[in-house]
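Okay, here's what each chain looks like letter by letter:
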Amino acid sequence: MNTVYQIVVCAGIVPDPLQTLEPVASPSGPALKNEMMLPAVLDPWASHSLYEAANLAKHLPGSKVWLVSLGPKAKLQQVMMTVAQKVPFELVALDGPGGGFTEAAEVAAMLAEAIQAIPGLDKSKLLVFGGWESASRGAGATMQMVGERLGIMDQFQGVDELKIAADGSLEILERIEGGKHQISKCAGLPALLGWATGNLPEPKNNPQIGMVNMRTVMPALQKAKPVKFAGDGLSFVNVALPKQLRETRIVKDKSPDDVAKEIIEWIKK
Amino acid sequence: MSNSSSGVGAAKIAITMNKGKFMEALAETKSYVSLQTLPGDDVRQLMWRFADRYELQMLVQAARNVARGPVARLVAGGGRNSHEWTPDKAALLPHFDESGITAAFLDPEQGGFIAGPKNFVLALIAFELAWVDAGAATCSLAGNLGLAPIHERGTPEQRAKYIPAAAPLKPGEQRKQIRAAFALTEPIPFVGVETGMLAGKVRVADWKSGCEPMLQVDKRGRFITNMGFANVVTAAVDSDDNRIKGSCMVVLEEGYPGIWDRGTPTKKLVHQLSSTNDPVFNLRVPANRIVGGYTVKDGVIVPNYSHGEIIEAVFRRTRVTVGLMTSAKLLSAIEPIILYQRRRFRGGEGAPGTPRYELGIQQKEDALHRLVDIWATGEASASLGFAAARLFDELDSLEKQKDQWLGKKKLTGRAAFKELNKKQTEALELLRIMSRPVGERDHKREEELQADPLVKFSMLDSLANVLCPACKLWNTGHGANMMREAVSLMGGYGITEDCPGFLGQKWMDAQLEATYEGPEAVQRLQLSITMTNELFLAQFEQWITGMRRIASDRSGTGACTLATAMQLWLWTLKHVQTATDADGSKLYHKSRQGVTFPLADALCWLLAARQFILDIAELDAKGGENPAVAESLPGTVAFFTDLCHVQTARAAGEAGRICAEIVHGYNRHPAWDETSCHACFCASELETLEGLIPGIDGSARAYSDVYESGESHPLKAGPCVRFDGLEAFVRLRAKLDGCLTGCRLAKDRAAEALTKVMTREALDYPA
């Protein structure tokens, strides 16, 4: 197989999940307290898609990965210091709000526009990757709308595995309800995949990759297009953190079988 | 309502509020802009001057991933609890290789990826690794130390052979990667006492005419880091043969004929993630393995560099990174302590929203004040360490130019020293010109001197000779004391293996950092010589003016206090250089360590505080350009300014105490004898005189000793001390006390900030 792919990964940045997140009201709507000051990471869901994209490109010589990322430029730069060491890619940066309180449709429009502006993009070779969820506020709709705007009809969400057959067709493992997977076949490109966790571990940092990536990352950040959202029609009724649920019992002298039975009963509920 | 009653009232009201309301109420009572989150990478990059160096920023992230990933897991899993070099510890080496930590020491043409000097690079790596475990930092850096003699003084052939071979293997590459160790220290009686004396010997084993001489190297090492796995050792040995002159360093390779015995693991209690053994070598080595090469004169092998010259070139750089290891420990302790303090009472009595629940131990001023002290020390020591590392980066290229210049002129030894002295004089001239108002300067001469790299070298070299030992001494010595304080703030938890942040282990580790690569006495000795260098002192005087200038813009930093303390120190130094003690013996003498060493200690306090102030000024000046920093900049700068003030006050206090002890302490206290009592008055005598000289009774009692009728003298040690000849010192000391005004208010503000700063929910590494 000598297919050459153009893989565009859409990935935003989110506050480091270990941080204390406190929703607050700002003049422009809801926000996270001290959000600009909190260390950020590449959205974990989208990160998986980036690693999958890089792995695919590695095995298909000539293929290339672009990372399209929307976020405050200064924060993006910090995140790139880690991400750029993971896998080879070319950055397309959009300088705009990175929080979870933006309208998915507007974000999708910006991302799609940025993708379309990538020089030499060939839709017959195009795979668009992203996370099917987000660690900031999972609208669960952004990637679909990016696909719609790009005119990509073949879309898959909750993807855990992608296999490419000899004829260039795609076999995709998608998560569905009840903890099951669905296998889909797609005749060819273009296609959009919203990834769940995939199967690949986080690549180790490699400074050589980092140094190569930086040749394009820094210029991309310098010329990052400023993006503003109108936010028309968007209002938040309430913003709250998910509640922690902890049900802990200390039980002694219970057999493993009994413990297993109880867990099964709990799952059935 | 009085202040005190409103404080109590606020606390009572807060009990009924939720957390948010409580904090709002707290903010209303004392509203000022302060620290919002713990300082992130953006802030550090500005303070430590690498905001424009993305290759370093990437390396920081890579080193951090290793530190807070595999290293932290190993420590948490009890990996430190053995002296041996275990497979688990060895598994860290591939992580160092893959992340770029190993190659960071190398130039791009040698397999590295960062061009230029590496002092600052290695300092950042040491800092990141030591944030979790300094043994891991030592393990990584000791390989560089092993190669450093070759890097600094090796022949081109030696550099080409050994340095690139230390680069990690590329995929598919088939070669043996060099892992180096540095063997200087020997078993007792000399261990750690005198690096100038060597029991390790080298003699000529075989020297055929026209061939390379073969040497027999006999060396027993002690506490040799990396020896559990190293395959190349640079060993310091002395001649045991009249056909070899003096001492040298020799490269030993595993596989050379003879004995290569790694020896037993050292039973150290600290830095257990580094391998430390007591090896034995008896190897036959070609003479071209003498580091830096040799010449043959009259049938005698003369090494181009003695072992002393090599270790001087090596240690003056590597000691800075050791100092930064302790800084990292102190700063890494802040978050775990805050988390511990705030959560101390949760789960017991007290509902969410109450001060007891929300603030825990942070309700107590003492706990906060002590944490402020730890943080301030950590900041000042990091500032000093990174400044020293940057200075060595700047110095490296100038040093090469100096070597080339001397080489061109064929100057060595005394002749070279003489020429460099001329440059020092020119550097002093430049400083004198620059201290004049711009309009009165000889600009032509100024430009001429500024363009001379050797003048610049002289200036920076005089600073490096002070900053390096100061950083090593103060960061590790005082840092170890403050780590004990950090451990104590964690209560009993602090001395358990599972203390968050591994604070107990870090405390112990700090003691090693104070010891290795030259213990504290060695650093004090070096400082006692280098701090009297005329060129250093001329720059120090300019720094005093600089601090006053900063103080006029940023009064809250305590820069003015520091300037006065610096003046006091300088006065004392000049005084003791000419003064004698009560018995007429010289005060400033190399054997008089009771004078020279404390003055060296005092200087370290001042240098660290000064650099902290400079870093805050830099953050304030550049922070606004970074949108990620700009929003929080006023609060961050305000907090750091208070922290600075706390640190400068402490530094001034230490310097003042030390200087006063030295200035007064070597004079004999007056006794009730004829010599001392000539200025005393008798009460009845004063009564008589009062009629003739009104007011004399009061003045005499204020300035002299008065004994009442029937008394031989008042009940005390002797007449009060007079300060004849020391009036300037007394005035400065009194002024310094006054300069402390406001420092405790700054501490209160900084402490208050600690109760509000946002932290993570959990540390980002396992414990």
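Fair warning: this is a prediction, and the values are worked out from it, not measured in the lab.

### Digging into the overall build of chain A
So, step 1. Broken down by element type, chain A carries six helices and 13 strands.
So, step 2. By the compact-globule yardstick of 18 Å for 269 residues, chain A fits well, its C-alpha radius of gyration being 20 Å.
So, step 3. The principal-axis extent of the C-alpha atoms belonging to chain A is close to 65 × 55 × 40 Å.
So, step 4. The 269 residues of chain A split such that 44% are buried.

### A few points about the packing of aromatic side chains
Residue and element names in this part refer to chain B.
So, step 1. Under the defined criterion, the tally for this structure stands at 23 aromatic pairs over all chains.
So, step 2. Measuring from ring centre to ring centre gives 5.6 Å for Phe120 and Phe386, while their planes differ by 75 degrees; the resulting arrangement is edge-to-face. Here Phe120 is found in helix 7 (residues 119-130), whereas its partner Phe386 is found in helix 12 (residues 365-408), with 266 residues between them in sequence.
So, step 3. For Phe120, a relative accessible area of 2% puts it in the buried group.
So, step 4. Members of the aromatic cluster, connected to one another through ring pairs, are Trp48, Phe50, Phe120, Phe127, Trp131 and Phe386.
So, step 5. Residue placement shows Arg356 over the ring face of Phe345; its charged tip is 4.2 Å from the ring centre.
So, step 6. Seen from the ring of Trp543, Arg610 lies directly overhead, with NZ or CZ sitting 3.7 Å from the centre.

### Looking at the interface of chain A and chain B
So, step 1. Across the contact, 25 residues belong to chain A and 31 residues belong to chain B.
So, step 2. Interface of chain A and chain B: buried area, both sides summed, is about 2600 Å²; carbon and sulfur atoms make up 57% of it.
So, step 3. In terms of surface lost to chain B, no three residues of chain A exceed A:Leu18, A:Met37 and A:Gln78, which account for 24% of the buried area on that side.
So, step 4. Run the count over chain A and chain B and you get one salt bridge.
So, step 5. The shortest N-O distance in the salt bridge between A:Lys204 and B:Glu98 comes to 2.9 Å.
So, step 6. Within the residue set of the side of chain A that touches chain B, elements represented by two or more residues are helix 2 (73-83) and helix 5 (207-222) of chain A.
So, step 7. Of the residues belonging to the side of chain A that touches chain B, the class tally is ten nonpolar, eleven polar and four charged.

### What about the domain arrangement of chain B?
So, step 1. Assigned domains of chain B: these are domain 1 (180-310), domain 2 (316-666 + 741-756) and domain 3 (674-720).
So, step 2. Between the C-alpha centres of domain 1 of chain B and domain 3 of chain B the distance comes to 72 Å.

### Here's the deal with helix 6 (residues 92-99) of chain B
So, step 1. Burial runs high along helix 6 of chain B: six of the eight residues are buried.
So, step 2. Of the positions making up helix 6 of chain B, those classed as buried are B:Leu92, B:Leu93, B:His95, B:Phe96, B:Asp97 and B:Ser99.

### Concerning the pairing of strand 11 (residues 180-186) of chain A
Here is the key point about a regular strand: its side chains alternate between the two faces of the sheet.
Residue and element names in this part refer to chain A.
So, step 1. As defined by bridge partners, strand 10 (residues 170-176) adjoins strand 11 across seven bridges and the pair is classed as antiparallel. Opposite Ile176, over in strand 11, you have Lys180 as the bridge partner.
So, step 2. Where strand 10 folds back on strand 11, the antiparallel hairpin that results is connected by three residues, among which Gly178 adopts a positive phi of roughly 75 degrees.

### Here we look at a nonpolar patch on the surface
So, step 1. Together, A:Val259, A:Ile263, A:Trp266 and A:Ile267 make up a nonpolar patch on the protein surface, roughly 430 Å² of accessible area in all.
So, step 2. Along the polypeptide, A:Trp266 turns up in helix 6 (residues 256-268).

Quick notes on the rules
- Residues numbered from 1 in each chain as written.
- Chains lettered and ligands numbered in written order.
- Predicted model: local features only at pLDDT ≥ 70, side-chain atom pairs only at ≥ 80, totals over all residues.
- Heavy atoms only, no water.
- Helix = DSSP H or I, 4+ residues; strand = E, 2+ residues; numbered from the N terminus.
- Rg over C-alpha atoms; globule rule 2.2 N^0.38 Å.
- Buried < 20%, exposed > 50% of the residue type's maximum accessible area, 1.4 Å probe, protein only.
- Phe/Tyr/Trp six-rings, centres within 6.5 Å; stacked < 30°, edge-to-face > 60°.
- Lys NZ or Arg CZ within 6 Å of the ring centre and 35° of its normal.
- Contact = heavy atoms within 4.5 Å.
- Buried area = accessible area lost by both parts, 1.4 Å probe.
- Salt bridge = Lys/Arg side-chain N within 4 Å of Asp/Glu carboxyl O.
- Nonpolar A, V, L, I, M, F, W, Y, C, P; charged D, E, K, R; others polar.
- Domains from an automatic or database assignment.
- Pairing = 2+ DSSP bridges.
- Patch = residues over 30% accessible without salt bridge, like charges linked within 9 Å, V, L, I, M, F, W, Y side chains within 5 Å.
- Areas by Shrake-Rupley, 256 points an atom, 1.4 Å probe, with all protein chains shown as cover.

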